[in-house]
Amino acid sequence: MNLSIGEALSHFNTALQRFSASAEDTPGLEEALFENGRTWVDLLTYKLLPQLGGDACLVVAVAGGTNTGKSAVFNSLVGASLSPAVATAAATRHPVLAANGRRSREALDGVLVSGFEPAAPGAANDILTEGAGPQVLYVAEAGGLPDNLVFLDTPDVDSIERSHWDLAEHIRAAGDVVLAVVTGEKYKDERVVGFFEQAVQAGRLVIPVMNKADSAYDYTVARRQLDSFCEDIGVNGPAAVAPLNPGRADANTLPLTLLDGGSLRDHLESLDAADVKRRVYHSTIARFLDESGAFLTCADALAERLRAALDEAARDVRELAEEYRPEFPQERCGLVHGYLQQRRQPLRRTFGQLGESLARALARGRRVLRGALLQSASTQAAKLSFDAAREANARQVRALTFTLIQRWQQRSATMPTPLDGRLNEGLASLDMDAMVPQVVRDVCNESGQEQSFHDHAREYLVRWCDAYAPLRWIWNGFDGAMAALPVFAVLLAGGLGGILPTLLFIVGWPVAQQVVFRALEYRYADRLLDFQSPWQEEQQETLVKALEQHIQTPVWKTLTRMNEVLEGDDLRAMHTWRETCRNT
């Protein structure tokens, strides 16, 4: 894709405008990025884009020393008497720009020529007087001029008046093409030579014009003088001549021809405006590329620091959540027992339920017996009631939330500007009285936490029973033997004679069965069943989400928005189009 420098700059500007709009909507970002000024943006907006765009036109400045006939040359090129041409030395006091209707309106809007105050002349004498300010540029409409060419008549560049010295600098900066109007008396003038030499060094296309030239012998004398002048100012290009004019100075009939043949006006119209503009604004483009590159480097560095800060904040949330150790809302071996009971065959389940019913009837004795026989560290740790466990979990969540906020408060002191200010604003705006309890409610939700615990336990027990087939076979065999034991006990008791032993077996068997099964479940639950870890991990993840929603998001909202802008497509597009400009 072959793009002109103007097209590449236009694409860069489009991305810049979108990026700037996003930065303006993000508190603190625009100030941070443009703290070193927007001069490069002004260069792009007011100089490079208007001058290097596909619709740009050449500004041809007619410049020269005192009494060289600049206004006559200007009027002849324009084809109208727009700048008064008089015999008085240093007559033109203000520059005059001639353009067609469209370009004259642009000039009055300050688009075509910078550094001046554009105005429409009220009368011809305005140009000859000092009534207006020194930077006034009079804009006159000339219908015969093309869109790609405007002409600028200028005061004398060798005037002894100090105000004209500054004006000469603006003229040199304004003209893309500078017609150096000289005469046999002025082509060696030190100040005139110096002015045009600096214009050449600034990248302007300088075309010498020898006015009032003797046409004898094909301008032999004028050619020699022009060669000397071109050597002095450092150009090697076309030059033009205007012969001695016996007619009126403002007759607009002054013939302006190139030494090699052809019309000067036709030559100016044939120039490649884009190529001339590019050469003229080479140093401006270089400055723009340097300063915009520094801006993009600053934006990239800020984006990198911001991304690191946001990543660190996310790590803080997850690290603190990993410290959360939620208490079990009910003892887990009871869950094991209930689940294994459900997996029994119908007959065995009936016997098991009968045993549990009899055991509950002997609740007091069962409690004493259980306390005596089933003491273990896991059992004692699991005796917390659900309410007590929930309150203990809530205390942990509150403490971890406050720790997170304190950590960010301490970190803000070491963060670079403007990130520190935005973080402090986020912390100050946080409604602690509302958000911290909300985190606790989200994590320690009564029904949610209890249901989650049961779901994890059941899921794990299903997997465990399916995975440990040998243990399941042993369990089923032992369970069958225990289920058949009462039949043998009754027969044995009857054989031994007496109803009393039989009744004792019937009553004692379910109690004994419960004791044996509970002992086995408690013994192996700690070793074989671990549904604590998955449930804790889920609870930790719930805490992460609650902290992110109620604490991290409001505190880091502005910095997150900054990051979105800096990591968006517009900044990447600016990088791409700047590189295109650099390589074009």
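Heads up: the structure comes first, above all this text.
Engineer: Got a minute to help me understand the overall build of the protein chain in this structure?
Structural biologist: Helix and strand content of the protein chain: 24 helices and 9 strands. Taking the intrachain contacts of the protein chain between residues at least 6 apart in sequence as the baseline, contacts between residues at least 24 apart amount to 82%. With an accessible surface of roughly 28,300 Å², the protein chain has 53% of that area assigned to carbon and sulfur atoms.

Engineer: What is the right way to look at the pairing of strand β8 (residues 240–243) in this model?
Structural biologist: Within a regular beta strand, the side chains point alternately toward one face of the sheet and then the other, so they alternate between its two faces. Neither face of β8 is left uncovered, since the one carrying Ala240 and Ala242 and the one carrying Val241 and Pro243 both have all their residues buried. Where strand β7 (residues 205–213) and β8 come together, 4 bridges link them in parallel fashion. In the strand pairing of β8, Met210 is matched with Val241. In terms of handedness, the path from β7 via helix α8 (residues 216–233) over to β8 forms a crossover that is right-handed. Where β8 meets strand β9 (residues 257–258), 2 bridges bridge the pair, whose relative direction is antiparallel. The residue bridging Ala240 from the neighbouring strand is Leu258, located in β9.

Engineer: I tried to follow the nonpolar core on my own but got confused; where do I start?
Structural biologist: It is characteristic of soluble globular proteins that their nonpolar side chains tend to be buried jointly. Core analysis: the biggest nonpolar cluster contains 97 residues, and Val177, Leu179, Leu264, Leu268, Trp556, Leu566 and Met574 have the highest contact counts within it. The biggest single contributor to this core is helix α11 (residues 282–322), with 15 residues. Core analysis: the second largest hydrophobic core is formed by 25 residues, Val206, Met210, Ala213 and Ala222 among them.

Engineer: Just checking my understanding: could you explain the pairing of strand β6 (residues 177–182) for this structure?
Structural biologist: Within β6, 6 of the 6 residues are buried, which leaves the element mostly enclosed by the surrounding structure. Of the two faces of β6, the one holding Val177, Leu179 and Val181 and the one holding Val178, Ala180 and Val182 are both buried throughout. Sheet topology places strand β1 (residues 58–64) next to β6; 5 bridges connect them, and they run parallel. By the bridge assignment, Val62 is partnered in β6 with Leu179. Pairing geometry for β6 and β7, over 6 bridges, is parallel. By the bridge assignment, Val181 is partnered in β7 with Val209. This β-α-β element, β6 to helix α7 (residues 190–201) to β7, shows right-handed connectivity.

Engineer: Please clarify how the sheet that holds strand β5 (residues 149–153) should be interpreted in this entry.
Structural biologist: The strands that make up a sheet pair up through hydrogen bonds in the backbone, lying either parallel or antiparallel. Strands sit in the order β3-β4-β2-β5-β1-β6-β7-β8-β9 across an open sheet of 9 strands; the sheet is mixed. Of all strands in the sheet, those bounded by a partner on one side alone are β3 (117–119) and β9. Against the sheet, helix α5 (residues 101–108) touches β2 (96–99), β3, β4 (136–141) and β5, its axis set at about 160° to β4. Sheet strands in contact with α8 are β6, β7 and β8, and its direction is about 150° off that of β7.

Engineer: Sorry if this is basic, but what is going on with unusual backbone geometry here?
Structural biologist: The phi angle of most residues is negative, glycine excepted, and most peptide bonds adopt the trans form. Following Thr417, the chain continues into Pro418 via a peptide bond in cis, with omega recorded as 5°. Here Pro418 lies in the loop between α16 (386–412) and α17 (419–429). Of note, the phi angle at Asn67 is positive, near 60°, even though the residue is not glycine. Tracing the sequence through the fold places Asn67 in the loop between β1 and α4 (70–78). Unlike most non-glycine residues, Asp218 shows phi in positive territory, near 55°. Residue position: Asp218 is located in helix α8.

Cut-offs applied
Residue indices follow the written sequence of each chain, beginning from 1 at its first position. Residues qualify for local features only when their pLDDT is at least 70, as the model is predicted, and side-chain atom pairs are given and counted only at 80 or more; totals for whole chains, interfaces and linings, by contrast, use all residues. Think of the side-chain values as coming from all heavy atoms in the structure, minus any hydrogens and water. Numbering of helices and strands starts at the N terminus; helices are DSSP runs of H or I of at least 4 residues and strands are runs of E of at least 2. Contact between two residues is taken to exist if any of their heavy atoms lie within 4.5 Å; hydrogens are not considered. Residue exposure ignores everything except the shown protein chains as possible cover, and the areas themselves are Shrake-Rupley values with a 1.4 Å probe. Throughout this description, buried means an accessible area under 20% of the type-specific maximum (1.4 Å probe, protein chains only), exposed means over 50%, and partly exposed covers the range between. At least two bridges found by DSSP between two strands is the condition for calling them paired. With strands facing away from the observer, any crossover in which the path from the first strand over the helix to the second runs clockwise is taken as right-handed. Grouping buried Ala, Val, Leu, Ile, Met, Phe, Trp, Tyr and Cys residues that are joined through side-chain atoms within 4.5 Å yields what is termed a nonpolar core. Orientation is described by lines fitted to C-alpha atoms, with helices fitted over the stretch in contact, and by angles between N-to-C directions that extend from 0 to 180 degrees.

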